[in-house]
Amino acid sequence: MPHFDLVIVGAGTSGMPCAIEAVAAGAKVCVIEQSDRPGGTLHVSLGQMSGAGTRLQAHAGIADDAVAHLADIERINGGTARRDLLHQTVPRQGSTIDWLMDHGFDMDPSCPAILHLHEAYTTARTYWGVNGGLSVLKVVQPLFENAMAQPNASMRYNTHATALLTEGGRVTGLCLESEGAQEAITANAVVLATGGYGGNARMFERLTGRPLVTAALATSTGSGIEMGQAVGGRLVGADKYLPTYAGIPENADGEKVLWRHMPALTPQQRQPWELHLASDGRRFVREDTPSVDEREHALLALPDLQFWCVFSDAIQRAAPPLLPGWTKEELQVAWSNRPDFVTADDPQALALATGMDPTHLTSSLTAYAAACNGDALDPMGRNHCPMPIAGSGLRAIRMHGMVLKTPAGLDVTDRLEVRGDKGIIPGLYAVGEAMGGAALSGQGFVSGMSVTPALTLGRWLGTELGRSLSSHFERGQQL
Ligand SMILES: Cc1cc2nc3c(=O)[nH]c(=O)nc-3n(C[C@H](O)[C@H](O)[C@H](O)COP(=O)(O)OP(=O)(O)OC[C@H]3O[C@@H](n4cnc5c(N)ncnc54)[C@H](O)[C@@H]3O)c2cc1C
């Protein structure tokens, strides 16, 4: 049976940097990847990162440090993330950005910036490449492939890790499946860098009790989390789901959202001209609130996580585009064929076509019209009230709270050892979304706090394990 110092499951955002450092430290490393390419979620991620004390900040005259970054994270998520884990990653995240720059990262010239897609930091410490996650991959993939070409490294694509092997409570290896063939390998340590479960509707619905609408890849199956649970790992964070506000699935009743189809709902980029109405026709949020967190929590309170974005033909002509990423042809097809793109001649017909309660819908439109006309204050406290939603051409598009990353994962110590009710499971580690998106973001979206910790803690864990395992290896000892 092949034996390694370290097996890393997943050649994605956290697995690649973990492998790069472990191989450099001299450990005998094997990486297992179920798909035929490295990169994982970086292929679709926006790749927005955050880090304090970077060279780019110094160059721009921005004073910042890890203490301020940490305080900002805890302000945004109300202290709902793991502080001990934040202490592991946040002070190192600035170096991760510098490391990417050292390797030719094609940084967007507007960075570092304050980003409003998520609740904003008070300091400009968010960074992204000109091609989002692909810019990160462009730097990390060659380093990873170079590491995998070393004599102490072995890479297996199209290979699925199906179960962990244990002996006396210690993880000793893995069962693998490749093209129908089963195999077992042994290792002194296994790292689960397998990502989240945003591509697994069954698991998502079981853990959150909500329907899955997602921009995550199908490779985010949650299988690493389930493997860890099967050997006694504890699941944490399932109660911290927060939807992203908001997406339109590719098909009316489908679960998959294309990022380019995202509606423009960030007031800092486009003030709202529409009303957002819950499925019963009532307002549930101040559409122009500058707080993303406030919108996301209002959406979370809706049991079906969906709302109708209601406007009129006149608004469509006057306002900046609501769906800037859709082609003209896509919009024509959607308005002609899709049941979640509705046109109607009056509020009664709109209520009938959307299922909204006609009384609630009419009263939402009437109260908003009074605010637009200056006759009353908007009942939700909205300031941007440019035009009543009235006339014969009414329109509505159904939008859903959606998943970018999933909150639940394996409970880990601050050294990323997986633990369960009986304590630490020797030989087993988790990094990236496998330890739960909520571990570092809490119940909130904090800019860059998935990709950057995946890279940062991936590198840190690879260095730590590489050093300790290779020294034991050299001394001919078993851990
Ligand atoms: C559309 C979108 C936009 C996002 N934008 C941002 C952003 O701007 N900033 C941010 O911080 N976060 C963002 N995120 C989240 C972030 O990208 C992810 O949390 C992060 O990339 C996950 O890294 P990971 O290493 O945990 O998993 P991944 O990168 O998904 O890697 C996991 C790898 O493990 C493999 N694998 C899984 N199970 C097995 C198995 N059993 N056997 C073998 N291989 C397996 C998978 O195939 C995959 O290659 C975004 C997510 C999405 C979907």
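Higher on the page you've got the structure.
If you're wondering where the values come from, they're calculated on a predicted model, not measured in any experiment.

### Here's the deal with the overall build of the protein chain
The secondary structure content of the protein chain amounts to 14 helices and 17 strands. What you see for the protein chain is a C-alpha radius of gyration of 24 Å, in line with the 23 Å of a compact globule of 479 residues. Overall, the C-alpha framework of the protein chain stretches about 80 × 55 × 40 Å when taken along its three principal axes. Counting only residues that meet the buried cut, the protein chain has 56% of its 479 residues in that class. Contacts spanning at least 24 positions in sequence make up 73% of the contacts within the protein chain whose residues lie at least 6 apart. Accessible surface for the protein chain amounts to roughly 18,600 Å². Of this, 52% is attributable to carbon and sulfur atoms. Of the charged side chains in the protein chain, 36 are positive and 49 negative, and the gap between their average positions amounts to 3 Å.

### Some points on the packing of helix α11 (residues 347-354) against helix α12 (residues 358-372)
Relative orientation of the contacting elements α11 and α12 amounts to 130°, with a least axis distance of 9 Å. By the criterion of interaxial angle, the relationship of α11 to α12 is oblique. Between α11 and α12 the crossing geometry is right-handed. Along the contact surface, α11 presents P347, Q348, L350 and A351, while α12 presents P358, L361, T362 and L365. Partitioning the contact of α11 with α12 into residue classes produces six nonpolar, two polar and no charged.

### A closer look at the pattern of salt bridges
Tallied over the entire structure, the rule returns 26 salt bridges. Here E226 and R206 are joined by a salt bridge, their closest N and O atoms 3.1 Å apart. Placement of the pair is E226 in helix α7 (residues 223-230) and R206 in helix α6 (residues 201-208), with a sequence separation of 20 residues. Salt-bridge contacts for D313 lead to R395; the nearest nitrogen and oxygen are separated by 2.5 Å. Note that D313 is positioned in helix α9 (residues 313-318) and R395 in strand β14 (residues 394-402), a separation of 82 residues in sequence. Residue classification places D313 among the partly exposed residues on the basis of a relative accessible area of 25%.

### Overview of the pairing of strand β16 (residues 417-420)
By the alternation rule, side chains of β16 split into V418 and G420, which are all buried, and E417 and R419, of which none is buried. Across three bridges, β16 lies against strand β17 (residues 423-430) in antiparallel orientation. Within β17, the residue paired with R419 across the bridge is I424. Linking two consecutive strands that pair antiparallel, namely β16 and β17, is a turn of two residues.

### Notes on the state of the cysteines
Summed over the entire model, instances satisfying the criterion amount to zero disulfides. The thiol of C175 is not disulfide-bonded; the next cysteine sulfur, from C30, is found 14 Å away.

### Looking at the pairing of strand β11 (residues 275-278)
The alternating pattern of β11 places L275 and L277 and H276 and A278 on opposite faces, both of which are buried. Here four bridges tie β11 to strand β12 (residues 306-312), and the two strands are oriented antiparallel to one another. By the bridge assignment for β12, A278 is matched with F307.

### A closer look at the site of the ligand
As a structural note, the neighbourhood of the ligand is formed by 34 residues, with T13, S14, E33, T41 and E433 the closest of them. At 2.6 Å from an oxygen atom of the ligand is found a side-chain nitrogen or oxygen belonging to T41. Taken by itself the ligand offers 1,000 Å² of open surface, and the protein chains cover 98% of this. Of all the secondary structure elements, the ones that give two or more residues to the shell around the ligand are β6 (160-167) and α7.

Quick notes on the rules
Residues numbered from 1 in each chain as written. Predicted model: local features only at pLDDT ≥ 70, side-chain atom pairs only at ≥ 80, totals over all residues. Heavy atoms only, no water. Helix = DSSP H or I, 4+ residues; strand = E, 2+ residues; numbered from the N terminus. Rg over C-alpha atoms; globule rule 2.2 N^0.38 Å. Buried < 20%, exposed > 50% of the residue type's maximum accessible area, 1.4 Å probe, protein only. Contact = heavy atoms within 4.5 Å. Areas by Shrake-Rupley, 256 points an atom, 1.4 Å probe, with all protein chains shown as cover. Lys, Arg positive; Asp, Glu negative; His and termini not counted. Charge placed at Lys NZ, Arg CZ, Asp CG, Glu CD. Axes fitted to C-alpha atoms, helices over the stretch in contact; angles between N-to-C directions. Parallel < 35°, antiparallel > 145°, perpendicular 65-115°, else oblique. Left-handed = near helix turned anticlockwise from the far one by under 90°. Nonpolar A, V, L, I, M, F, W, Y, C, P; charged D, E, K, R; others polar. Salt bridge = Lys/Arg side-chain N within 4 Å of Asp/Glu carboxyl O. Pairing = 2+ DSSP bridges. Disulfide = S-S within 2.5 Å. Near = heavy atom within 4 Å. Polar contact = N/O pair within 3.5 Å; in protein donor to acceptor, adjacent residues only side chain to side chain.

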